[in-house]
Amino acid sequence: MSGESLFFTLFTIAACMGAIAVVVSQSVVRMAFWLIISLGSTAALFFLIDADFVGAAQLLIYVGGTLVLLVFAVMLTSSGPYLKIDTSPGETVLAAMVGLLFLFMVIAAQTGVDWDGTNERIAAANGQDASAAVFDSGSGGNTLRTIGMSLLGLRPDLGGASAGELHTAYLLPFEIVSIHLLVVLVGAAYLARAKRRRDA
Amino acid sequence: MSGGQDHMFLTLASQSLAEFLQSAGVPEGWQYVGAAIIHMALLFAVFSLCPFFFIWMERKVAGRIQDRLGPTRVGGRFGWLQSLADGIKLIQKEDLCPPAADSMLFRAAPYIVCMSSFAAFVVLPFSEGWVAVAADCGLFIMLAIMSLEVFGIILAGYSSASKWSLFGGMREAAQMVSYEIPLSICALIPIVAAGSLNLGEIGDMQSGGIHNWFLFHDPFTFIAFFVYFVVATASCKRAPFDLAEAESELVGGFHTEYSGMRWSFFFMGEYASMFAVCGVASILFLGGWNTGLPGVDGALSDLRAGGGPLYYLAGVIGVAVFAVKAVIGVFIQVWLRWTVPRIRIDQVITVCLKYLIPISCFLFLGAIVWPLILHSGLKGQTTWNEPLGARVAAAIPGEPPGIPIVEPAEEADESDAAPAEADSHSDDSPHADESASVIPPDASVTLNSTSEVSR
């Protein structure tokens, strides 16, 4: 077993076990802890496939941001010492059925697609080298420049970049989404702030 | 492992170490394992020596500030081994867990703190090319990993089943959620000047003299350094921002219920992350492992190009310079802790939300507009001193994969001759005006590298 597959196995097991523990445990903060294990292992899997940027974003956004906010919210709102979620047997059965259906769908999708053939067909349809060879100049996880230039519309893998040809750029949609989030943030702060009485 | 030419292409220290092991007769495939183990051992040594030294330093400095001697007995006159004695004492203490606590989270929390501040050292370069993982988005990974540390603190506060701990944890959560924003923005300001998130590249760009440090790149980076330092102090929950501990009101804050080694893990993490944030500050603003003396920097890069043992000598000198800069940063944090009174939690949040975030946003905008202002004022010159692209080209002599050569060679030659003052560029030849376009130099970095990739 090579080192890569060894680490892959380790982190996959950790991610799955963490996910199962999130579902099984009843304390919300323990769920958050298991979610760290699961999401952190997912980030490690991203690092393993040389997607450093995605892995770091996973850590920063989900583990460092969302989970801290989750625990913070639990600490602010819970009335008892340890917040528990009690699920009724009906809910458990329903959730298990939905989860199993989703698992079945994922497995069916995984086994039902001829991945090699699809890759070949994509390459044939684009008429370019769709393999990772073009992007491989950023080896060892150094994908940052490639991502940045793709965001600006420079796609060497689609050809024509040397002539300065621009493909679809995602910078503007990205900025619009971020402004949208900012507006939501300001709105939430406005709604949540303490209202001043007019006569005061 | 011989010949200077090889070293020029080696941005990854692990790569060179693996090659060395291979040449030493290690069987195929195992050289990477060996290199990984050596790196882990080295990093772990650094990580554990940081608290060892800084705790001693903290006690000595605190003693001096309070007009007493500090530790004097253990290990000679200066109490060098006081931290070791403390460690032995802490190992012997009973590992307590309150009966009402959530024992699993209570036991796991110190490890989260310790591991996340340890993991930050993986992407922190200590000298040119001396880094365990030379990631292209190193700074981003670093910020992401260091943001995990707060989670351990919050879990510790929550799971202790103590009101003091809970308040400490909540304060820490509120503080960190606010202070992460100015921290990231202030770290971005030198990045705008550098055009790279790779900490190794950022350090290399500042070689050749103190005027090349990003601290003096423009007025905005100069102010940003001080804002970054304040925010970094707060993000290590050091006084005057140590509201999570606040022993005057919360007994011990989040670590009230902890004892023995688990308690000390929090402080190992704290002191190690103090070193880490000061190391990042030194790389981003203070030239990293470059001495800042033009003659010495040139001599060191000659030494590096000499190859063999000289390369390692230059590396060791770089580590020493880097460590001195970072330790001075930690010293200032210690100094602040014992001289500045703790501020209230509402003042902490006010300082961040009403002052630091607007200041850092303003600095960020200013840093972006600065090259354009200089360009219109100084006939196409976008930096005070020599263009950054030329410095990158000088710092990276080979053409390693993924790191493009930035500027054409003639501009590098020209800027080598150019003096540091910006005024002297006003009588540059028209050729220079053509080569510096309206876009700042880092934009041309990306454009040129595209054509490199597509070739």
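Residues numbered from 1 in each chain as written. Chains lettered and ligands numbered in written order. Predicted model: local features only at pLDDT ≥ 70, side-chain atom pairs only at ≥ 80, totals over all residues.

Novice: Would you explain the overall build of chain B in this entry?
Specialist: A tally of helices and strands in chain B yields 19 helices and 0 strands. Expressed as a percentage of its 455 residues, the buried residues of chain B come to 50%. At a minimum sequence separation of 6, the contacts of chain B that also span at least 24 residues come to 76%. (Helix = DSSP H or I, 4+ residues; strand = E, 2+ residues; numbered from the N terminus. Buried ≥ 20, exposed ≤ 12 C-beta atoms within 10 Å, placed from the backbone. Contact = placed C-beta atoms within 7 Å.)

Novice: Whenever I open this one, the overall build of chain A confuses me. Can you help?
Specialist: For chain A, the count of helices and strands is 7 helices and 0 strands. Among the 200 residues that make up chain A, the fraction classed as buried is 20%. For chain A, the proportion of contacts with a sequence separation of at least 24, taken over those separated by at least 6, is 45%.

Novice: Looking at this structure, I do not really get helix H7 (residues 149–159) of chain B. What am I missing?
Specialist: One turn of an α-helix holds 3.6 residues; hence residues three or four places apart share an orientation. For H7(B), the buried fraction is high: 11 of the 11 residues fall into the buried class. Taken together, the buried positions of H7(B) are occupied by B:Glu149, B:Val150, B:Phe151, B:Gly152, B:Ile153, B:Ile154, B:Leu155, B:Ala156, B:Gly157, B:Tyr158 and B:Ser159. Against the buried residues of H7(B) lie helix H2 (28–48) and helix H3 (52–77) of chain A together with helix H5 (103–119), helix H6 (138–146), helix H8 (163–194) and helix H12 (260–284) of chain B.

Novice: I'm lost on the nonpolar core in this one. Help?
Specialist: As a rule of thumb, soluble globular proteins bury nonpolar side chains together. Formed by 130 residues in total, the largest nonpolar core has its most connected members in B:Met142 and B:Ala281. Ignoring sequence-local partners within four residues, the contact set of B:Met142 consists of B:Ala120, B:Val123, B:Leu124 and B:Val280. (Core = buried A, V, L, I, M, F, W, Y, C linked by C-beta atoms within 7 Å.)

Novice: Help me out: how do you make sense of the packing of H8(B) against helix H15 (residues 345–377) of chain B in this one?
Specialist: Describing two packed helices takes the angle between their axes plus the distance from one axis to the other. All names here are of chain B. The geometry of H8 relative to H15 is characterised by a closest axis approach of 9 Å and an angle of 15° between their N-to-C directions. Relative to H15, the element H8 lies roughly parallel. Like other packed secondary-structure pairs, H8 and H15 cross with a definite hand, here left-handed. Split by residue class, the contact of H8 with H15 holds 22 nonpolar, 3 polar and 1 charged. (Axes fitted to C-alpha atoms, helices over the stretch in contact; angles between N-to-C directions. Parallel < 35°, antiparallel > 145°, perpendicular 65-115°, else oblique. Left-handed = near helix turned anticlockwise from the far one by under 90°. Nonpolar A, V, L, I, M, F, W, Y, C, P; charged D, E, K, R; others polar.)

Novice: Can you walk me through the confidence of the model for chain B in this structure?
Specialist: Low pLDDT marks stretches whose predicted atomic positions should not be read closely. All names here are of chain B. Predicted confidence across chain B gives a mean pLDDT of 75, with 76% of residues reaching 70 or more. No element of chain B has a lower mean pLDDT than helix H19 (residues 441–454), which averages 38, and none a higher one than helix H10 (residues 219–235), which averages 89. Note on residues 1–14: pLDDT is under 50 here. Beyond four places in sequence and across chains, it has 32 contacts. Counted against residues more than four places away or in other chains, residues 398–455, with its pLDDT under 50, gives 90 contacts. Taken over the whole predicted complex, pTM reads 0.77, whereas the ipTM for its chain interfaces reads 0.77. (pLDDT = per-residue confidence, 0-100.)

Novice: Hey, could you run me through unusual backbone geometry in this one?
Specialist: With glycine set apart, most residues show a phi of negative sign, and most peptide bonds adopt trans. All names here are of chain B. Of note, Asp67 is a non-glycine position whose phi angle comes to about 60°, a positive value. Among the structural elements, Asp67 can be located in the loop between helix H3 (30–65) and helix H4 (82–92). Phi is positive for Lys237, which is not a glycine, with a value near 50°. Locating Lys237 in the fold gives a position in the loop between H10 and helix H11 (247–250). The exposure class assigned to Lys237 is buried, which follows from the 26 C-beta atoms found within 10 Å.

Novice: Just to check I follow, could you spell out the confidence of the model for chain A for this structure?
Specialist: Residues and elements named next belong to chain A. Chain-level pLDDT for chain A is 78 on average; 78% of the residues reach the 70-or-more range. Mean pLDDT values over the elements of chain A span from 73, in helix H5 (residues 115–126), up to 89, in helix H4 (residues 89–112). Contacts from residues 130–138, a stretch scored under 50 in pLDDT, to residues over four places away or in other chains number 16 contacts.

Novice: Just checking my understanding: could you explain helix H6 (residues 144–151) of chain A for this structure?
Specialist: The set of residues buried in H6(A) consists of A:Leu144, A:Arg145, A:Thr146 and A:Ser150. At the exit of H6(A) stands A:Gly153, carrying a positive phi of roughly 100°.

Novice: Which parts of the structure should I look at to understand the environment of B:Ile328?
Specialist: All names here are of chain B. Secondary-structure assignment places Ile328 in helix H14 (residues 309–339). Classification of Ile328 as partly exposed rests on a count of 13 C-beta atoms within 10 Å. For the pair Ile328 and Ser282, spaced 46 residues apart in the sequence, the C-alpha separation amounts to 9.8 Å.

Novice: Quick question: what am I supposed to make of the environment of B:His211 here?
Specialist: Here B:His211 shows up in the loop between helix H9 (199–205) and H10. Considering only alpha carbons, one finds B:His211 and B:Gly287, 76 residues apart in sequence, at a separation of 9.6 Å.

Novice: What is the right way to look at the environment of B:Glu257 in this model?
Specialist: Residue and element names in this part refer to chain B. You can see Glu257 is positioned in the loop between H11 and H12. Measuring from C-alpha to C-alpha, the distance between Glu257 and Trp164 comes to 9.2 Å, with 93 residues separating the pair along the chain. In this view, Glu257 contacts Pro98, Ala101, Ser160, Ser162 and Ser165; residues no more than four positions away in its chain are not counted.

Novice: What is the right way to look at the packing of H2(A) against H3(A) in this model?
Specialist: All names here are of chain A. Put simply, H2 and H3 touch, their axes get as near as 8 Å, and they point 175° apart. Looking at the two axes, H2 sits roughly antiparallel to H3. Contact residues: H2 offers Val28, Val29, Ala32, Leu35, Ile36, Leu39, Gly40, Thr42, Ala43, Phe46 and Phe47, while H3 offers Asp52, Val54, Gly55, Gln58, Leu59, Tyr62, Val63, Leu67, Leu70, Val71 and Val74. Taken together, the residues of the contact of H2 with H3 break down into 17 nonpolar, 4 polar and 1 charged.

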